[in-house]
Amino acid sequence: MPRLLNSPTSKSNCGPVWVALVLLGISALNTQAKTVLSVPQQVSLSPNFPTQQLSISWLGGEATTFDLIIFTTEFKETIFSDTVSAVVNQDSGRHQWTWTSVEPLECTSLSVQIRSREGETTSEWSEPQILEGKDLPSNSEAQMFPQDRIVPAGANTTFCCIVEEGKEFKSIRYENTNMPVKRLSRRSYAITAIFQEATRITGSNVICHSNGPITGATIFVGYPPLPSWFKCETRDLISAVCHWDKGRYTNLGGRRRTRYSVNNRDCSERNMCALSQWDGNWTLVAANPLGQYNLTDSAELSHRVYPVAPLNLSHVAHAWNATLFWEWTHSSYSSLALVCQVELAGRSTTVRDFFGVGLRSVFLTDLHPDEKYSVQVRCGAQNNFWKWGDWSELHHFKTKPYAPDAPSVWLWLTSDNTGLIVWKPLTRLQSHGKILRYSVTVGNAGKTELTESLSPENHSFPVNLTRWASLSHDNRVRAAVVAENVAGTSPPAIVPLRFRDVEPPALAQAAHNSSGFSLSWQQNAGSTCSYVVEWCETLCLNCSVDWIRLDAGNTNVSIPSANLLPGVRYNFSLYGCPSDFPVLMQRWQGYKEELPPSRVELKIAQLDCDVVLSWEEVPLEKRRGFLLGYNVYISNSSQLTLLEKLDASRRTYTVSGLPAGSYKFVVKAYTSGGEGTDSIVSIRLEPCGGLILPILTSMGIVTLLLATVALVCYKKRRWVKTAFYPDIPEPKLPGDWSRTQEPMDVKPFPHSIVHILEKPERDPYKDALVVIPEEEVDDHAEGTGDGPVDVDERQSLRYYNQVVDERPIRPRYPDSSASSLSSVDSANTDVTYTGISEGFQPHTGPSMSSGATAGGYQPQMRPVTLGGNQASPEPLVEPQVVGCGGYKPQSSWLIDSPTEADERMSPTPSLGSPTSVASTHFLLSDREGDEQERRQTSSSAAAWLTNLLFSAKP
């Protein structure tokens, strides 16, 4: 390093570098000295309160831009802060810049400061300059700004309210709306109305409320002028008249209204302006406080001719034409080629065009006699037509009368022998004046037989066709009708008084459409006759008749129906050759509009079990259409049920199959126009005699049911017998009955045999036991058996059975013994009581072995197993009498409750109870057997239905 410093090369290189550094430092110091900016001086503020603009001017240095700040003096709130470029006034050298405030400049005091700026270098701020507002303490009264401001629609406007010193602010209302408020200073408050709509001419009010005096302002919101269609024209071929359309309404009036001028001539009163000379070029200027609008126009004189209205119209009138005259205000029109329109109004209005130079009169043709007319005239330039001139005033005139036209005449036949000569009243266009009278003349071959004068109100004349036919030899009697007015008489209208006798054709239905009734027919070959179509109401003899005449060759016509009534039937008749001998060719009938018919006269009656409805035919005048039929309904509460639709030829209906009760029926006639009025009848249907069939039906059903039951019972007969007639089980006898039978070693009592007489006469006093002599007993005993008996010890008792009920006693079991003596033919029974002792067995003789029967009582001695089936037992045989001593009761029976030893000896220790020959039950029941029988019977009854239904056995 020391070597480098001492090196001559290094030393020579460092000199220029240090020189450069020194020079740069000196340059920087000079530049810094030059960029020191001067502070703006003599700041001046010039406000424009109506426009809310503040003009700021100052003297400054060499800077081209300046920082500018504006803030409220009292609250120090910045309102504007930006860098601006000011314009330098060459004369004064002052910088000037204009700022527009949102709030009115009067609202509060504003302070302004400015400083110079050059890039990033700025000067110091100037001293604040203050624009004093109206809210200073020295102005203590209440105020509001702006006052009477005019703004365009859609703009925003800020209002401020300065309340009175010492008072409290409440609110600000724009019309009827409370607005949000911004506070600007101690006493100043502001609102902003945005997108304001156009106000009425008197403006909108803004009111400030406080606890002090109320203050306010008015604002006018409108539009700048926008006129259109600016044109100038001439009326006298010398001067010019300019017109324009004002365009949209500006909503500004009074001193704020729009003002117009043409070529610097004030024309503000109307939207037109008159100039004394034709200039050829015009400029319209429209201006109001919100703006100004200009329009221009140019044209040649001959191209803008707008004629004035003709004056002093007059006329010369005739029956069929007239001449119209008028005058012009300007003499210059005498050389002007004109086209004029004449509007002629009479029964109708027409417009006719006429051409000519200086036109002053026209000739009007094709008028009608005795007719009033009104005319008015207007004209325009024939060459380079610009527009029609003004209409003249209305001019009235009337044409003269003329002889009337011939009326239309027809002969209407009211019967076979009478008729009416009828004619149509003449219209104003046909009468050509007021009709004074009608004349009717009847004659033949130029010979007048009758002339009658009628008032103008009469339009018919009756004639007797038979009378006039008898006066004529060739049947060519004619009637002529003539109308008369002040100008003369009409040509005669002739009609023949004779019709050709033909068979009337059948009536056909006429079709109606929007244009009327369309009628058509076929034309006869070679026929050159004309036609008449006549129509009138079908049922009205005194109504008017109408007709229409048709030329030869026509085969159809449309009859207008404007004067015809709906729901009324009309007849149409076509006559050929009406001028000679009219011939009835075809007939029609029809309705202009079919309506629902009237109600029918309904009757009701009950015939056997049926209801018969009947009604009369609807009269023609009440049909109101072509009757299509009848609808028959039955009424169920408020609902109608259709039973049947009947054609028009039927007028009865029978309802069958109804049960007894109350019914209501409705019948409605109907046409193509709909159903008519309800015809309602009610009936209470009584029970009818037709009960035989239900009874027979019920009997048949019962018979069939019984047959079915019988068939089932037959197929199930074994089960039925078992269920309802079971075999009576043999009694269970006590004791041992299995030992060998042998005669009982007991002598019967003498009176052990009771003989019952056969059918004695019943004597209540003899109902007792009577002692029978022994001789009779012996005789009787001999016939009772072959065994030995002890006659000496035997006695017989005669016993009368006290039978009260003489009804036959049916044996319970058909298989019972033939020895049962309960016969229906016997009122008393022979009963033999025989003593029985244990171990006793009656002696059985040969008769028992042979099966012979005896007529006495025999005890049931054989044991029978309970529950077993008892087959048909053999007949009981009367036992041989082996003892004597008379009657002896059965005292040898065992007791019902045997001892245990007895039970071991025999399963049946007791016989039980004796039985009656007239009964199948024990007189004294066996308890064991009874309980078992009851159980068996109960189980049998519970199962009988199951066996019946499910058993497959017959």
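Up top you'll find the structure we're talking about.
Keep in mind that this is a model prediction, so the values were computed, not measured.

A. Focus on the pairing of strand β17 (residues 204–210). The two faces of β17 differ: S204, V206, C208 and S210 on one face are buried, but N205, I207 and H209 on the other face are not. As paired strands, strand β13 (residues 169–174) and β17 are joined by 5 bridges and run antiparallel to one another. Note on β17: the bridge partner recorded for R173 is I207. The turn linking β17 back onto strand β18 (residues 215–222) is made up of 4 residues.

B. Representation of the side chain of E103 within the structure. Relative to the helices and strands, E103 is located in the loop between β6 (95–100) and β7 (110–118). Put simply, E103 is tucked away with no salt bridge, and the nearest opposite charge, on K182, sits 4.0 Å away. Excluding residues within four positions of it along the chain, E103 makes contact with Q52, T158, K182 and L184.

C. How the structure looks around a nonpolar patch on the surface. Residues I695, L696 and M699 make up a contiguous nonpolar surface patch of roughly 310 Å² in combined accessible area. With respect to the helices, strands and loops of the structure, M699 is situated in helix α6 (residues 692–715).

D. Representation of the packing of aromatic side chains within the structure. Across all of its chains, the model carries 20 aromatic pairs by this definition. Ring geometry for W278 and W282: centres 4.9 Å apart, planes at 80 degrees, overall edge-to-face. Overall, W278 belongs to the buried group, its relative accessible area being 17%. In this structure W282 comes out as buried when scored by relative accessible area, which is 1%. Taken together, a centroid distance of 5.2 Å and an interplanar angle of 70 degrees make the contact between F385 and W388 edge-to-face. Judged by its relative accessible area of 25%, W388 falls in the partly exposed class. Put simply, the rings of F80, W97 and W99 pair up and form one aromatic cluster. Sitting above the plane of the Y306 ring, R235 keeps its charged end 3.8 Å from the centroid.

So, how was this worked out
Residues numbered from 1 in each chain as written. Predicted model: local features only at pLDDT ≥ 70, side-chain atom pairs only at ≥ 80, totals over all residues. Heavy atoms only, no water. Buried < 20%, exposed > 50% of the residue type's maximum accessible area, 1.4 Å probe, protein only. Helix = DSSP H or I, 4+ residues; strand = E, 2+ residues; numbered from the N terminus. Pairing = 2+ DSSP bridges. Lys, Arg positive; Asp, Glu negative; His and termini not counted. Salt bridge = Lys/Arg side-chain N within 4 Å of Asp/Glu carboxyl O. Contact = heavy atoms within 4.5 Å. Patch = residues over 30% accessible without salt bridge, like charges linked within 9 Å, V, L, I, M, F, W, Y side chains within 5 Å. Areas by Shrake-Rupley, 256 points an atom, 1.4 Å probe, with all protein chains shown as cover. Phe/Tyr/Trp six-rings, centres within 6.5 Å; stacked < 30°, edge-to-face > 60°. Lys NZ or Arg CZ within 6 Å of the ring centre and 35° of its normal.

Functional significance is not addressed by these values, which are geometric in nature.
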